[in-house]
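Remarks on the overall topology
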Amino acid sequence: MDSTSSLYDLTPIAWLMAVGVLIALGPLVWVWRRNAGSGPARRLHALTVLTLFLTFDLTLFGAFTRLTDSGLGCPDWPGCYGNASPHGARHEIAMAQSAQPTGPVTHSKAWVEMVHRYLATGVGVLILTLAAATWIVRRRQRLAPPSSTDGSGHHATLSAWWPAFTLVWVCLQGAFGALTVTWKLFPAIVTLHLLGAVVLLALLCIQAVHYRQAAADRLPTPVSPALRNGLIATTVLLVLQIALGGWVSTNYAVLACTQFPTCQDSWWPPMNFAQGFEIWRHLGVTGDGQPLDFSALTAIHYAHRLMAYAVFVALGVLAWRMRRIVALRPQARWLAGLALLQLATGLGNVLLGWPLAAAVLHTGGAAALAVVLTWALCESRRAPAARSAHAGENTAGHNNSQRQRKAAA
(Lines give C-alpha, C1' and ligand atoms only; values in the text may rest on other atoms or scores of the structure.)
Protein backbone atom coordinates (compact mmCIF):
# COMPACT_ATOMS: atom_id res chain seq x y z
CA MET A 1 0.00 0.00 0.00
CA ASP A 2 2.81 2.36 0.87
CA SER A 3 4.67 1.67 -2.37
CA THR A 4 1.49 2.25 -4.37
CA SER A 5 0.69 5.53 -2.67
CA SER A 6 4.25 6.78 -3.20
CA LEU A 7 3.64 6.63 -6.93
CA TYR A 8 1.10 9.42 -6.48
CA ASP A 9 3.10 11.53 -4.03
CA LEU A 10 2.82 15.09 -5.31
CA THR A 11 5.24 16.54 -2.75
CA PRO A 12 8.28 16.69 -5.10
CA ILE A 13 6.21 18.40 -7.81
CA ALA A 14 4.81 20.91 -5.31
CA TRP A 15 8.28 21.71 -3.99
CA LEU A 16 9.68 22.01 -7.50
CA MET A 17 6.93 24.46 -8.46
CA ALA A 18 7.45 26.45 -5.26
CA VAL A 19 11.17 26.79 -5.93
CA GLY A 20 10.41 27.81 -9.52
CA VAL A 21 8.06 30.55 -8.32
CA LEU A 22 10.69 31.85 -5.89
CA ILE A 23 13.32 31.91 -8.67
CA ALA A 24 10.96 33.77 -11.01
CA LEU A 25 9.92 36.37 -8.41
CA GLY A 26 13.26 38.17 -8.56
CA PRO A 27 13.21 38.83 -12.33
CA LEU A 28 9.50 39.71 -12.24
CA VAL A 29 9.96 42.30 -9.50
CA TRP A 30 13.00 43.75 -11.26
CA VAL A 31 11.11 44.15 -14.56
CA TRP A 32 8.06 45.66 -12.83
CA ARG A 33 10.11 48.23 -10.88
CA ARG A 34 12.38 49.18 -13.77
CA ASN A 35 9.51 49.65 -16.26
CA ALA A 36 6.79 50.95 -13.94
CA GLY A 37 6.14 54.06 -16.05
CA SER A 38 6.38 52.40 -19.45
CA GLY A 39 3.61 51.23 -21.75
CA PRO A 40 2.52 47.58 -21.92
CA ALA A 41 4.57 46.83 -25.04
CA ARG A 42 7.79 48.01 -23.40
CA ARG A 43 7.08 46.08 -20.21
CA LEU A 44 6.33 42.92 -22.18
CA HIS A 45 9.48 43.48 -24.22
CA ALA A 46 11.58 43.82 -21.08
CA LEU A 47 10.08 40.68 -19.55
CA THR A 48 10.57 38.73 -22.79
CA VAL A 49 14.21 39.80 -23.16
CA LEU A 50 14.94 38.85 -19.56
CA THR A 51 13.21 35.48 -20.03
CA LEU A 52 15.21 34.95 -23.22
CA PHE A 53 18.44 35.70 -21.36
CA LEU A 54 17.59 33.30 -18.53
CA THR A 55 16.52 30.61 -21.00
CA PHE A 56 19.87 30.97 -22.76
CA ASP A 57 21.59 30.58 -19.38
CA LEU A 58 19.46 27.50 -18.75
CA THR A 59 20.58 26.07 -22.10
CA LEU A 60 24.21 26.57 -21.08
CA PHE A 61 23.56 24.93 -17.72
CA GLY A 62 21.81 22.06 -19.50
CA ALA A 63 24.95 21.56 -21.59
CA PHE A 64 27.02 21.65 -18.40
CA THR A 65 24.71 19.03 -16.87
CA ARG A 66 25.06 16.75 -19.87
CA LEU A 67 28.83 17.21 -20.26
CA THR A 68 29.53 16.50 -16.58
CA ASP A 69 27.48 13.27 -16.84
CA SER A 70 25.01 14.65 -14.32
CA GLY A 71 21.89 13.88 -16.33
CA LEU A 72 21.17 10.83 -14.18
CA GLY A 73 22.40 12.38 -10.93
CA CYS A 74 18.82 11.91 -9.72
CA PRO A 75 17.58 8.86 -11.63
CA ASP A 76 13.87 9.63 -11.11
CA TRP A 77 11.68 12.63 -11.90
CA PRO A 78 10.66 15.26 -10.81
CA GLY A 79 12.29 14.73 -7.42
CA CYS A 80 15.40 12.94 -6.32
CA TYR A 81 14.62 9.44 -5.06
CA GLY A 82 11.15 10.74 -4.27
CA ASN A 83 12.48 13.79 -2.36
CA ALA A 84 12.31 17.46 -3.20
CA SER A 85 16.10 17.86 -3.10
CA PRO A 86 19.27 15.74 -2.92
CA HIS A 87 19.51 16.64 0.76
CA GLY A 88 16.51 14.46 1.52
CA ALA A 89 17.95 11.67 -0.64
CA ARG A 90 21.47 11.75 0.78
CA HIS A 91 21.20 8.17 2.11
CA GLU A 92 20.14 6.71 -1.26
CA ILE A 93 22.75 8.77 -3.09
CA ALA A 94 25.48 7.64 -0.68
CA MET A 95 24.56 4.01 -1.27
CA ALA A 96 24.62 4.45 -5.06
CA GLN A 97 27.91 6.32 -4.88
CA SER A 98 29.52 3.68 -2.68
CA ALA A 99 28.48 0.99 -5.19
CA GLN A 100 29.81 3.05 -8.15
CA PRO A 101 32.14 5.88 -7.01
CA THR A 102 32.47 7.20 -10.57
CA GLY A 103 28.97 6.21 -11.66
CA PRO A 104 26.08 8.43 -12.75
CA VAL A 105 24.78 9.05 -9.21
CA THR A 106 26.93 11.11 -6.84
CA HIS A 107 26.13 13.94 -4.43
CA SER A 108 27.61 16.61 -6.71
CA LYS A 109 25.89 15.26 -9.84
CA ALA A 110 22.58 15.05 -8.02
CA TRP A 111 22.78 18.72 -7.06
CA VAL A 112 23.74 19.73 -10.61
CA GLU A 113 20.75 17.85 -12.00
CA MET A 114 18.28 19.26 -9.46
CA VAL A 115 19.55 22.84 -9.87
CA HIS A 116 18.91 22.44 -13.59
CA ARG A 117 15.35 21.34 -12.83
CA TYR A 118 14.83 24.27 -10.42
CA LEU A 119 16.04 26.77 -13.03
CA ALA A 120 13.91 25.17 -15.73
CA THR A 121 10.83 25.48 -13.52
CA GLY A 122 11.67 29.15 -12.89
CA VAL A 123 11.84 29.80 -16.63
CA GLY A 124 8.51 28.01 -17.01
CA VAL A 125 6.92 30.33 -14.45
CA LEU A 126 8.26 33.38 -16.32
CA ILE A 127 6.84 32.10 -19.62
CA LEU A 128 3.49 31.41 -17.94
CA THR A 129 3.49 34.97 -16.57
CA LEU A 130 4.40 36.36 -19.99
CA ALA A 131 1.53 34.48 -21.65
CA ALA A 132 -0.98 35.63 -19.02
CA ALA A 133 0.22 39.26 -19.16
CA THR A 134 -0.02 39.32 -22.95
CA TRP A 135 -3.58 38.01 -22.95
CA ILE A 136 -4.56 40.62 -20.34
CA VAL A 137 -3.03 43.44 -22.41
CA ARG A 138 -4.72 42.25 -25.58
CA ARG A 139 -8.09 42.04 -23.82
CA ARG A 140 -7.72 45.57 -22.48
CA GLN A 141 -6.82 46.85 -25.95
CA ARG A 142 -9.87 45.24 -27.50
CA LEU A 143 -12.12 46.81 -24.85
CA ALA A 144 -10.42 50.22 -24.98
CA PRO A 145 -11.90 53.08 -27.07
CA PRO A 146 -10.36 53.40 -30.56
CA SER A 147 -8.73 56.73 -29.66
CA SER A 148 -6.81 55.32 -26.70
CA THR A 149 -3.28 53.96 -26.95
CA ASP A 150 -1.03 51.91 -24.73
CA GLY A 151 1.13 54.86 -23.80
CA SER A 152 3.65 54.36 -26.57
CA GLY A 153 1.71 55.81 -29.46
CA HIS A 154 0.16 52.73 -31.08
CA HIS A 155 -2.72 50.34 -30.67
CA ALA A 156 -1.42 46.83 -31.25
CA THR A 157 1.25 44.61 -29.73
CA LEU A 158 2.26 41.06 -30.56
CA SER A 159 -0.46 38.49 -31.00
CA ALA A 160 -1.15 36.67 -27.75
CA TRP A 161 -0.99 33.35 -29.59
CA TRP A 162 2.81 33.48 -29.71
CA PRO A 163 3.22 33.49 -25.91
CA ALA A 164 0.50 30.84 -25.65
CA PHE A 165 2.34 28.59 -28.09
CA THR A 166 5.59 29.24 -26.21
CA LEU A 167 3.90 28.12 -22.99
CA VAL A 168 2.75 24.90 -24.66
CA TRP A 169 6.24 24.40 -26.04
CA VAL A 170 7.98 24.84 -22.67
CA CYS A 171 5.61 22.24 -21.20
CA LEU A 172 6.57 19.87 -24.03
CA GLN A 173 10.21 20.67 -23.36
CA GLY A 174 9.71 19.76 -19.71
CA ALA A 175 8.21 16.44 -20.78
CA PHE A 176 11.29 15.71 -22.88
CA GLY A 177 13.43 16.62 -19.88
CA ALA A 178 11.59 14.00 -17.85
CA LEU A 179 12.01 11.43 -20.63
CA THR A 180 15.73 12.20 -20.77
CA VAL A 181 16.00 10.93 -17.20
CA THR A 182 13.46 8.11 -17.20
CA TRP A 183 14.69 6.74 -20.56
CA LYS A 184 18.30 6.77 -19.31
CA LEU A 185 19.80 9.31 -21.74
CA PHE A 186 18.20 7.78 -24.84
CA PRO A 187 20.18 9.56 -27.63
CA ALA A 188 17.19 10.57 -29.76
CA ILE A 189 15.37 12.03 -26.73
CA VAL A 190 18.44 13.97 -25.56
CA THR A 191 18.96 15.39 -29.06
CA LEU A 192 15.29 16.38 -29.32
CA HIS A 193 15.57 18.01 -25.91
CA LEU A 194 18.45 20.15 -27.20
CA LEU A 195 16.53 21.08 -30.35
CA GLY A 196 13.53 21.93 -28.19
CA ALA A 197 15.67 24.37 -26.22
CA VAL A 198 16.80 26.05 -29.46
CA VAL A 199 13.19 26.36 -30.65
CA LEU A 200 12.22 27.85 -27.28
CA LEU A 201 14.96 30.48 -27.65
CA ALA A 202 13.73 31.28 -31.16
CA LEU A 203 10.12 31.67 -29.96
CA LEU A 204 11.18 34.09 -27.23
CA CYS A 205 13.36 36.01 -29.68
CA ILE A 206 10.43 36.40 -32.09
CA GLN A 207 8.32 37.88 -29.30
CA ALA A 208 11.09 40.19 -28.08
CA VAL A 209 11.67 41.63 -31.56
CA HIS A 210 7.97 42.08 -32.28
CA TYR A 211 7.35 43.76 -28.94
CA ARG A 212 10.20 46.14 -29.66
CA GLN A 213 8.80 46.90 -33.10
CA ALA A 214 5.37 47.52 -31.56
CA ALA A 215 6.85 49.83 -28.91
CA ALA A 216 8.70 51.82 -31.60
CA ASP A 217 5.74 51.62 -34.03
CA ARG A 218 7.88 50.39 -36.93
CA LEU A 219 7.89 47.57 -39.46
CA PRO A 220 10.64 45.12 -40.47
CA THR A 221 13.13 46.33 -43.07
CA PRO A 222 12.45 45.25 -46.68
CA VAL A 223 15.32 43.21 -48.16
CA SER A 224 15.87 41.57 -51.52
CA PRO A 225 14.36 38.12 -52.09
CA ALA A 226 17.88 36.72 -52.52
CA LEU A 227 18.98 37.92 -49.09
CA ARG A 228 15.74 36.74 -47.50
CA ASN A 229 16.18 33.31 -49.07
CA GLY A 230 19.77 33.26 -47.86
CA LEU A 231 18.63 33.93 -44.31
CA ILE A 232 16.10 31.10 -44.44
CA ALA A 233 18.52 28.63 -46.06
CA THR A 234 21.28 29.41 -43.55
CA THR A 235 18.83 28.96 -40.67
CA VAL A 236 17.82 25.54 -42.00
CA LEU A 237 21.48 24.55 -42.33
CA LEU A 238 22.19 25.72 -38.79
CA VAL A 239 19.29 23.73 -37.32
CA LEU A 240 20.52 20.61 -39.11
CA GLN A 241 24.03 21.25 -37.81
CA ILE A 242 22.77 21.70 -34.24
CA ALA A 243 20.94 18.37 -34.55
CA LEU A 244 24.15 16.73 -35.76
CA GLY A 245 26.08 18.36 -32.92
CA GLY A 246 23.57 17.08 -30.39
CA TRP A 247 23.89 13.61 -31.91
CA VAL A 248 27.68 13.82 -31.55
CA SER A 249 27.47 14.91 -27.93
CA THR A 250 24.81 12.47 -26.76
CA ASN A 251 26.67 9.56 -28.40
CA TYR A 252 30.01 10.74 -26.94
CA ALA A 253 31.56 10.78 -30.41
CA VAL A 254 33.63 13.95 -30.03
CA LEU A 255 36.87 12.05 -29.42
CA ALA A 256 36.34 9.67 -32.36
CA CYS A 257 38.54 12.11 -34.31
CA THR A 258 41.34 13.85 -32.41
CA GLN A 259 43.03 15.36 -35.46
CA PHE A 260 42.28 18.24 -37.77
CA PRO A 261 41.75 18.53 -40.69
CA THR A 262 42.28 14.77 -41.06
CA CYS A 263 40.72 12.08 -38.87
CA GLN A 264 42.63 8.99 -37.77
CA ASP A 265 45.40 9.93 -40.23
CA SER A 266 42.96 9.82 -43.12
CA TRP A 267 40.77 12.19 -45.10
CA TRP A 268 38.06 9.51 -45.21
CA PRO A 269 38.45 7.13 -42.23
CA PRO A 270 36.45 3.89 -41.87
CA MET A 271 32.85 4.93 -41.11
CA ASN A 272 29.63 3.03 -40.52
CA PHE A 273 26.86 5.52 -41.29
CA ALA A 274 24.10 2.90 -41.04
CA GLN A 275 24.95 2.17 -37.40
CA GLY A 276 25.85 5.73 -36.50
CA PHE A 277 22.59 7.19 -37.73
CA GLU A 278 20.26 4.47 -36.51
CA ILE A 279 18.09 6.90 -34.61
CA TRP A 280 15.88 4.75 -32.37
CA ARG A 281 18.33 2.88 -30.14
CA HIS A 282 19.76 3.04 -26.65
CA LEU A 283 23.05 4.73 -25.79
CA GLY A 284 26.11 2.80 -26.94
CA VAL A 285 24.27 -0.05 -28.65
CA THR A 286 22.53 -0.76 -31.92
CA GLY A 287 18.83 -1.41 -32.27
CA ASP A 288 19.60 -5.11 -31.88
CA GLY A 289 21.40 -4.51 -28.60
CA GLN A 290 24.91 -5.05 -30.01
CA PRO A 291 27.73 -2.68 -28.97
CA LEU A 292 28.14 0.27 -31.32
CA ASP A 293 31.22 0.04 -33.57
CA PHE A 294 33.89 2.72 -33.29
CA SER A 295 33.43 3.32 -37.01
CA ALA A 296 29.83 4.37 -36.23
CA LEU A 297 31.10 7.00 -33.78
CA THR A 298 33.56 8.15 -36.44
CA ALA A 299 30.70 8.54 -38.93
CA ILE A 300 28.71 10.63 -36.43
CA HIS A 301 31.68 12.90 -35.75
CA TYR A 302 32.74 13.29 -39.39
CA ALA A 303 29.23 14.09 -40.62
CA HIS A 304 29.09 16.96 -38.11
CA ARG A 305 32.53 18.16 -39.20
CA LEU A 306 31.66 18.13 -42.91
CA MET A 307 28.43 20.02 -42.31
CA ALA A 308 30.38 22.55 -40.22
CA TYR A 309 32.37 23.58 -43.29
CA ALA A 310 29.18 24.35 -45.23
CA VAL A 311 27.59 26.22 -42.33
CA PHE A 312 30.72 28.29 -41.69
CA VAL A 313 30.87 29.39 -45.34
CA ALA A 314 27.12 30.13 -45.40
CA LEU A 315 27.38 32.26 -42.25
CA GLY A 316 30.34 34.17 -43.66
CA VAL A 317 28.62 34.92 -46.97
CA LEU A 318 25.40 35.88 -45.21
CA ALA A 319 27.17 38.21 -42.77
CA TRP A 320 29.00 39.87 -45.68
CA ARG A 321 25.74 40.50 -47.53
CA MET A 322 23.83 41.64 -44.44
CA ARG A 323 26.40 44.32 -43.59
CA ARG A 324 25.16 46.32 -46.59
CA ILE A 325 21.77 46.72 -44.89
CA VAL A 326 22.01 49.30 -42.12
CA ALA A 327 19.24 47.71 -40.04
CA LEU A 328 20.96 44.30 -40.19
CA ARG A 329 24.54 45.35 -39.46
CA PRO A 330 24.36 44.42 -35.74
CA GLN A 331 23.19 40.93 -36.64
CA ALA A 332 25.90 40.67 -39.31
CA ARG A 333 28.60 41.47 -36.75
CA TRP A 334 27.16 38.96 -34.30
CA LEU A 335 27.03 36.25 -36.96
CA ALA A 336 30.65 36.82 -37.95
CA GLY A 337 31.86 36.82 -34.34
CA LEU A 338 29.86 33.76 -33.32
CA ALA A 339 30.98 31.83 -36.42
CA LEU A 340 34.61 32.43 -35.42
CA LEU A 341 33.79 31.39 -31.84
CA GLN A 342 32.26 28.15 -33.11
CA LEU A 343 35.34 27.48 -35.21
CA ALA A 344 37.65 28.05 -32.24
CA THR A 345 35.64 26.00 -29.74
CA GLY A 346 35.05 23.21 -32.27
CA LEU A 347 38.78 22.92 -32.90
CA GLY A 348 39.40 23.12 -29.16
CA ASN A 349 37.08 20.19 -28.52
CA VAL A 350 38.95 18.05 -31.06
CA LEU A 351 42.55 19.04 -30.42
CA LEU A 352 42.40 19.58 -26.63
CA GLY A 353 40.46 16.46 -25.71
CA TRP A 354 36.96 17.93 -25.24
CA PRO A 355 37.61 20.45 -22.42
CA LEU A 356 34.47 21.33 -20.48
CA ALA A 357 34.67 25.10 -21.05
CA ALA A 358 35.08 24.74 -24.82
CA ALA A 359 32.26 22.19 -25.01
CA VAL A 360 29.82 24.39 -23.09
CA LEU A 361 30.80 27.44 -25.17
CA HIS A 362 30.31 25.43 -28.35
CA THR A 363 26.72 24.65 -27.35
CA GLY A 364 26.16 28.24 -26.29
CA GLY A 365 27.55 29.56 -29.57
CA ALA A 366 25.19 27.35 -31.57
CA ALA A 367 22.22 28.54 -29.51
CA ALA A 368 23.32 32.17 -29.90
CA LEU A 369 23.60 31.76 -33.68
CA ALA A 370 20.02 30.46 -33.76
CA VAL A 371 18.87 33.51 -31.78
CA VAL A 372 20.73 35.97 -34.05
CA LEU A 373 19.36 34.39 -37.21
CA THR A 374 15.85 34.51 -35.75
CA TRP A 375 16.46 38.16 -34.85
CA ALA A 376 17.55 38.92 -38.42
CA LEU A 377 14.53 37.11 -39.88
CA CYS A 378 12.17 39.12 -37.66
CA GLU A 379 13.87 42.43 -38.46
CA SER A 380 13.60 41.87 -42.21
CA ARG A 381 10.91 41.05 -44.71
CA ARG A 382 10.87 40.19 -48.38
CA ALA A 383 10.62 43.33 -50.47
CA PRO A 384 7.98 43.33 -53.25
CA ALA A 385 9.37 42.32 -56.63
CA ALA A 386 8.62 45.72 -58.14
CA ARG A 387 10.45 47.49 -55.35
CA SER A 388 13.42 45.13 -55.68
CA ALA A 389 13.60 45.74 -59.42
CA HIS A 390 13.27 49.47 -58.89
CA ALA A 391 16.04 49.38 -56.32
CA GLY A 392 18.22 47.47 -58.80
CA GLU A 393 17.50 50.06 -61.52
CA ASN A 394 18.40 52.86 -59.12
CA THR A 395 21.65 51.13 -58.23
CA ALA A 396 22.48 50.57 -61.92
CA GLY A 397 21.60 54.18 -62.76
CA HIS A 398 23.78 55.43 -59.92
CA ASN A 399 26.71 53.33 -61.15
CA ASN A 400 26.22 54.56 -64.74
CA SER A 401 26.18 58.15 -63.53
CA GLN A 402 29.41 57.58 -61.65
CA ARG A 403 31.07 56.08 -64.74
CA GLN A 404 29.90 59.00 -66.89
CA ARG A 405 31.30 61.54 -64.41
CA LYS A 406 34.64 59.72 -64.34
CA ALA A 407 34.77 59.61 -68.16
CA ALA A 408 33.97 63.32 -68.38
CA ALA A 409 36.68 64.11 -65.86
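First, a word on scope: everything that follows refers to the structure included in this document.

What counts and what doesn't
Residue numbers run consecutively from 1 along every chain, following the written order of its sequence. Where local features are concerned, this predicted model is filtered to residues with pLDDT of at least 70; where side-chain atom pairs are given and counted, the filter is 80 or more; whole-chain, interface and lining totals use all residues. As a rule here, side-chain values cover all heavy atoms of the structure and leave hydrogens and water aside. Our working definition of a disulfide is a cysteine sulfur pair at a distance within 2.5 Å. Partly exposed describes any residue whose relative accessible area lies between the buried limit of under 20% and the exposed limit of over 50%, with all areas from a 1.4 Å probe on protein chains only and scaled to the type maximum. Among buried residues, the Ala, Val, Leu, Ile, Met, Phe, Trp, Tyr and Cys ones that are joined through side-chain atoms within 4.5 Å form a nonpolar core. Under the DSSP-based scheme used, a helix requires at least four consecutive residues in state H or I and a strand at least two consecutive residues in state E, with every element numbered from the N terminus. The contact definition used throughout considers only heavy atoms, calling two residues in contact when any of these lie within 4.5 Å. An axis is simply a line fitted to the C-alpha atoms; with a helix, the fit covers only the stretch in contact. Between two such axes, the angle follows the N-to-C directions and lies from 0 to 180 degrees. Every angle not falling under 35 degrees, over 145, or within 65 to 115 is termed oblique; those three ranges are roughly parallel, roughly antiparallel and roughly perpendicular. Two helices cross in a left-handed way if the nearer one is turned anticlockwise from the farther one by less than a right angle. They cross in a right-handed way if the turn is clockwise. Amino acids outside the nonpolar list (Ala, Val, Leu, Ile, Met, Phe, Trp, Tyr, Cys, Pro) and the charged list (Asp, Glu, Lys, Arg) are all regarded as polar, and Gly is one of them.

**A closer look at the state of the cysteines**
- Here the structure, examined in full by the defined rule, presents two disulfides.
- Two residues share a disulfide in this structure: Cys74 and Cys80, whose sulfurs sit 2.1 Å from each other. For the disulfide bridge between Cys74 and Cys80, the dihedral angle about the S-S bond is near -85°, and by the sign convention the bridge is left-handed. For the pair Cys74 and Cys80, a shared accessibility class is recorded, and that class is buried.
- There is a disulfide in this structure between Cys257 and Cys263, and the S-S distance comes to 1.8 Å. The chirality of the disulfide connecting Cys257 with Cys263 is left-handed, given an S-S dihedral of about -70°. With respect to burial, Cys257 and Cys263 carry one shared label: buried.
- The connectivity of the disulfide-linked cysteines in the protein chain, indexed sequentially, is 1-2, 3-4.
- Here Cys378 is not cross-linked by a disulfide; its sulfur's nearest cysteine counterpart is in Cys205, at 5.7 Å.

**Concerning the nonpolar core**
- With 27 residues, the main nonpolar core has Leu231, Leu238, Ile242, Leu318, Met322 and Leu335 as its most contacted residues.
- Sorting the residues of this core by element identifies helix H7 (187-216), helix H8 (225-250), helix H10 (294-322), helix H11 (329-351) and helix H12 (356-378) as the ones contributing at least two each.
- Considering every element that reaches this core, the biggest residue donor is H12, with eight residues.
- Sequence-distant contacts of Ile242, defined by excluding residues within four places in its chain, comprise Leu194, Leu195, Val198, Ala366 and Ala370.

**So, the packing of H8 against H12**
- Where H8 meets H12, the closest approach of the two axes is 10 Å, and the angle between their N-to-C directions is 160°. Here H8 lies roughly antiparallel to H12, going by the angle between them. H12 is crossed by H8, and the crossing has left-handed handedness. Taking contact as the criterion, the partners of Arg228, Leu231, Ile232, Thr234, Thr235, Leu238 and Ile242 in H8 are, on H12, Ala366, Leu369, Ala370, Leu373, Ala376 and Leu377.
- Taken together, the residues that form the contact of H8 with H12 break down as ten nonpolar, two polar and one charged.

**Considering unusual backbone geometry**
- The omega torsion of the bond from Trp77 to Pro78 falls at 5°, within 30 degrees of zero and hence cis.
- In this fold, Pro78 is placed in the loop between helix H3 (40-67) and helix H4 (90-99).
- A cis amide bond links Phe260 to the next residue, Pro261, at an omega of 5°.
- Relative to the helices and strands, Pro261 is located in the loop between H8 and helix H9 (273-276).
- At Asp217, a position not held by glycine, the phi torsion is positive, near 55°.
- One can find Asp217 in the loop between H7 and strand E1 (221-223).
- We note that Tyr252 has phi near 55°; this positive angle belongs to a residue other than glycine.
- Tracing the backbone shows Tyr252 in the loop between H8 and H9.

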